[in-house]
Amino acid sequence: MNKPATIDFATAIETSAPAGPAHTQALLDLVPGEARDSLLAIHEVLRRELPQGRLATYEAGGGSSSFLPMDVLNRSHVTVVDIDEDQVRNNTYAQEAILGDVQTYRFEPNGFDVVICYNVIEHLPDVQAALLNFRDALKPGGMILIGAPNPRSLSGVVTKYSPHWFHVWFYRHIRGIKTAGLPGEAPFPTFFHPLVTLSKLETFAAANGLETIYRREVESPRYPEMRERKPLLSALVDAGAAVMNAVLPRGTDVRRGDYHIILRKRLEP
Ligand SMILES: C[S@@+](CC[C@H](N)C(=O)[O-])C[C@H]1O[C@@H](n2cnc3c(N)ncnc32)[C@H](O)[C@@H]1O
């Protein structure tokens, strides 16, 4: 299904610094913290590394919001592929919205400058197929931005091993999102294929013509969110995390619940 859509200027709100870049609603909704800092660093990488002029941008599992910089979105022809009909219908920023599965949907090769797949790979039973599709769809030198939960973190382990109803409960009662779990609304069922683990993802990428140009593990935004909304629960979770960090190998921080990685398609296969 192809559905024309327009960039949602209604959600493009200026930041408090008038001269600074505008951000999408998804970024504005993100609480200040490591995840937001990393995304702002990624925006700089994309501004520096992407070609000037019009861009062909593929939002894989794009849903209805984007974490790309507004200036990149504004000069992009955005194609979104999402498996959820409501998400496709709610998308307002893509020029082309396709109801499809990123694991099987194939574009003509070498067509896109950038693929963004944010908070999606944890939902896929076949991450390998999706990654190879993204690589093939990219122009040589093009980039894939992936954001995903870290399965080797406290929130990653809890998400991976708890049932879907618990995720809905958490979103509704801890995060305060009353529409959680309704059709077309997060949370979506998770699968946690082994390649969601960052080290495995990087190894697979390197073996398949993709070099890492940015990687960062970040504290899950759920922690600062919880500190604001549920200070008592948050203090308990923080104390539990501190105990785990003390007994685990030096340098481990179980709070690093998410990661960001940018992969670049090699010029030579
Ligand atoms: C947590 S949402 C993230 C949406 C958006 N990328 C964001 O960061 O706001 C996950 C999205 O992945 C989509 N999704 C899950 N499995 C998919 C698949 N196999 N193919 C395409 N989209 C998929 C869901 O429908 C949902 O829109």
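Per-chain numbering applies: the sequence of each chain, read as written, is numbered from 1 onward. Reporting of local features is limited, given that this is a predicted model, to residues whose pLDDT is at least 70; pairs of side-chain atoms are given and counted only at 80 or more, and all residues count toward the totals for whole chains, interfaces and linings.

Student: Mind showing me how you'd approach the overall build of the chain here?
Tutor: Secondary structure elements follow DSSP: runs of H or I of four or more residues count as helices, runs of E of two or more count as strands, with numbering from the N terminus. Within the chain, the secondary structure is distributed over 10 helices and 8 strands. For the radius of gyration, the atom set is restricted to C-alpha positions; the globular benchmark scales as 2.2 Å times the number of residues to the power 0.38. Taking 18 Å as the expected radius of gyration for a compact globule of 269 residues, we find that the chain reaches 18 Å, a close match to that expectation. Seen through its C-alpha atoms, the chain measures out along the principal axes to roughly 50 × 40 × 40 Å. We call two residues in contact if the C-beta atoms placed from their backbones are at most 7 Å apart. Contacts spanning at least 24 positions in sequence make up 70% of the contacts within the chain whose residues lie at least 6 apart.

Student: I keep staring at unusual backbone geometry and nothing clicks. Help me out?
Tutor: Note: most residues except glycine have negative phi, and most peptide bonds are trans. Omega for the peptide link from Ala-186 to Pro-187 comes to 0 degrees, which places this bond in the cis form. Tracing the sequence through the fold places Pro-187 in the loop between helix 7 (164-174) and helix 8 (198-207). The residue Asn-110 is not glycine, and still its phi comes out positive at about 60 degrees. Within the secondary structure layout, Asn-110 lies in the loop between strand 4 (96-99) and strand 5 (112-118).

Student: Teacher, can you tell me more about the confidence of the model for the chain here?
Tutor: Per-residue confidence from the predictor is reported as pLDDT, a score between 0 and 100. Of all residues in the chain, 92% attain a pLDDT of 70 or more, and the chain-wide mean is 91. Segment residues 1-18 is flagged for pLDDT under 50; beyond a separation of four residues in sequence, or across chains, it makes 31 contacts in the model.

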